[in-house]
Structure formats: structure tokens, C-alpha cells
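Observations on chain architecture
Residue strings, one per chain:
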Amino acid sequence: MQEMKANNRISDFIGAFLRENEPLLEEIREEAQKDAVPIIRDETAALLRVCLEMHKPKRILELGTAVGYSGLFMLYSLGENTELSTVENFPQRILKARENFARSPYSENITLLEGDGGEILERLVLEKKSFDFIFLDAAKAQYPLWLPLILELLPTGGVLFCDNILQDGLLLESRFFLERRQRTIHKRMREFLHLLRENAELESSIVPIGDGVSISVKK
Ligand SMILES: C[S@@+](CC[C@H](N)C(=O)[O-])C[C@H]1O[C@@H](n2cnc3c(N)ncnc32)[C@H](O)[C@@H]1O
């Protein structure tokens, strides 16, 4: 509990030093929060933006569009020379994301892929698509299952940025202290982190910011 309080204080402290959002992004963020749509935390978004500025990807794949907040956040940072493909399977959120994309200057840069992330990843691999930055932010229990497909889509030098890795500290607990419904995600997420560590093609780091992030580069 003490640790949690310290983390909240750190998060609040960092928050005081974050830049203001672009007005459209701020509007989307506030609406998402009002509607309880889970979106990237501000301090995680700031780290994401730094990675994007360092890497300057031309083709981004995002798994987990929600209402388009993080997708647009990335494009506002990189501008019109970047293409974003983003995947979502929840119809109501797809509608809202389309609306939000249409309001932005980047609608031409965005392909919204509707459906299950796993199926779409398989299709993209068959189509021999390649993305130099992949933002993984959907279906946490699927991360270890999706990783092999993701690696096929990532060229050498490509970056994989994954959110919610530490599950608000849940991952640190013994599985025996967890409720039954939490155990699958606990098992799968730990499995995912093992896979990142064991994969000789990847150099990875786990960053305890927001809900926990892993950043990997394909060597
Ligand atoms: C945390 S939210 C994404 C937030 C978004 N990246 C942002 O920061 O603005 C995760 C999204 O993934 C979607 N999702 C969950 N499982 C999925 C799946 N198997 N295929 C596609 N989308 C999925 C959910 O509907 C949800 O909108």
C-alpha cells in the first residue's frame, strides 16, 4: 500500500512536468476518461513520444485503437510522413475512432483495421507487411501468443513498445494471492516478459512508468 502511494505521488509529480496536449487530443482524452475508455497514461505517452522522436518511424502498427487517442497522439508528434495502421475489435469504439480521425489533419494517414488483433496480425504477415514501430496495447493475455507474428512484421532496427506490462503491480504478486480471473493475465504477462528476455533477436527493457512499459528493439 505504501509503495502504491509512493507510485501515485511519483506519477503526480511527473504529471506536473508534462507538456500540454494539442486541443483536439485533449478533447478526445477528456471524453475517453468521462466514458471510462482506457487510454494511455500521460507519463507513458510522453515516453512513447520520445521513442518516436528518436526512431522517426514511417510505418506504425498499433494494436488497440480504442477511440483513437494514442494513434493521433503519435501522428501529432511525427506529422504527415508517417502512416498508421491501427487495429480494434469493439464496434462502438471503432465508430468513435473513425469520427475522431476524421476531425484530425491525419485521416489520410490512418488505416483502421477492424477485427481481432490475432487474425489481423496473421493477415498482415501473409501480406508480407512491415512496420518499423509497433505499439502493442490490446488483449494483454494475447501478448505471448501474438509475439511471433509481431516479430515477423518488425524489420531489423524496428521497435516494439508494449503498455500495461506490470498490471498496476499485479505482476509482482504471487499467483496464489490473486483472484481466479486475474491468474490468466498474470501467467501470460509473465510468460511474455520471459519471451522478451529469451529472444536473442531482441534487446528489451522494462520501464516502471505508468502501468509498466516494455521497449524492445529488433537487432
Ligand atoms: C487499452 S485500450 C487501447 C487504448 C489506446 N491505445 C489509447 O491509448 O488511446 C485496448 C483496446 O484494445 C481493444 N482490444 C482488446 N482485445 C482486442 C483484440 N483481440 N483485437 C483487437 N482489439 C482488441 C479493446 O477493445 C480496447 O479498445
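Thresholds applied
- Residues numbered from 1 in each chain as written.
- Predicted model: local features only at pLDDT ≥ 70, side-chain atom pairs only at ≥ 80, totals over all residues.
- Heavy atoms only, no water.
- Phe/Tyr/Trp six-rings, centres within 6.5 Å; stacked < 30°, edge-to-face > 60°.
- Buried < 20%, exposed > 50% of the residue type's maximum accessible area, 1.4 Å probe, protein only.
- Helix = DSSP H or I, 4+ residues; strand = E, 2+ residues; numbered from the N terminus.
- Lys NZ or Arg CZ within 6 Å of the ring centre and 35° of its normal.
- Near = heavy atom within 4 Å.
- Polar contact = N/O pair within 3.5 Å; in protein donor to acceptor, adjacent residues only side chain to side chain.
- Areas by Shrake-Rupley, 256 points an atom, 1.4 Å probe, with all protein chains shown as cover.
- Nonpolar A, V, L, I, M, F, W, Y, C, P; charged D, E, K, R; others polar.
- UniProt positions renumbered as here; feature names shortened; annotations may be inferred.
- Contact = heavy atoms within 4.5 Å.
- Salt bridge = Lys/Arg side-chain N within 4 Å of Asp/Glu carboxyl O.

Under the definition given, this model contains six aromatic pairs. Each ring, one from Phe13 and one from Phe17, has its centre 5.2 Å from the other, and the planes form 55 degrees; the classification is tilted. Neither residue differs from the other here; Phe13 and Phe17 are each classed as exposed. Between Phe135 and Phe161, the ring centres sit 5.8 Å apart and the planes meet at 65 degrees, which makes this aromatic pair edge-to-face. Remark: Phe161 occurs in strand S5 (residues 159–163) and Phe135 occurs in strand S4 (residues 133–136); sequence separation between them is 26 residues. Joined through ring pairs, the aromatic side chains of Phe133, Phe135 and Phe161 make up one cluster. Above the ring of Phe73, the side-chain terminus of Arg49 is found at 3.9 Å from the ring centroid.

The ligand sits among 21 residues. The nearest are Gly64, Ser70, Glu88, Gly117 and Asp137. For the ligand, a nitrogen atom lies 3.3 Å from a polar atom in the side chain of Asn89. At 2.8 Å, a side-chain N or O of Asp137 approaches a nitrogen atom of the ligand. Calculation on the ligand without its partners gives an accessible area of 610 Å², and the protein chains cover 89% of this total. Class assignment of the residues belonging to the shell around the ligand gives a composition of 10 nonpolar, six polar and five charged.

Per the UniProt record, the feature "binding site: S-adenosyl-L-methionine" (unreviewed entry) sits at Ile40, Ser70, Glu88 and Asp137. As for its position among the elements, Ile40 is in the loop between helix H2 (23–34) and helix H3 (42–55). As for its placement among the helices and strands, Ser70 is situated in helix H4 (residues 69–78). Discounting residues that sit within four places of it in the chain, Ser70 has contacts with Ile40, Glu62, Gly64 and Phe135.

Looking now at the pattern of salt bridges. Pairing between side chains of opposite charge can happen when the charged atoms of each approach one another. Taken as a whole and assessed by the stated rule, the structure comprises 14 salt bridges. Between Asp42 and Arg29 there is a salt bridge; the shortest N-O distance is 3.3 Å. With Asp42 in helix H3 and Arg29 in helix H2, the pair connects residues that are 13 residues apart, well separated along the chain. In this structure, the salt-bridge partner of Glu31 is Lys96, at a minimum N-O distance of 3.3 Å. Pair noted here: Glu31 is in helix H2 and Lys96 is in helix H5 (residues 91–103), with a separation of 65 residues, a long-range link. Judged by relative accessible area, Glu31 falls into the partly exposed class, the value being 27%.

A few words on unusual backbone geometry. The phi dihedral of Ala36 is positive, around 55 degrees, even though this residue is not glycine. Among the secondary structure elements, Ala36 is positioned in the loop between H2 and H3. Ala36 gets classed as exposed once you look at its relative accessible area, which sits at 63%. Phi angles above zero are rare outside glycine, and Ala66 is one such case at about 50 degrees. The buried category is assigned to Ala66, whose relative accessible area is 10%.

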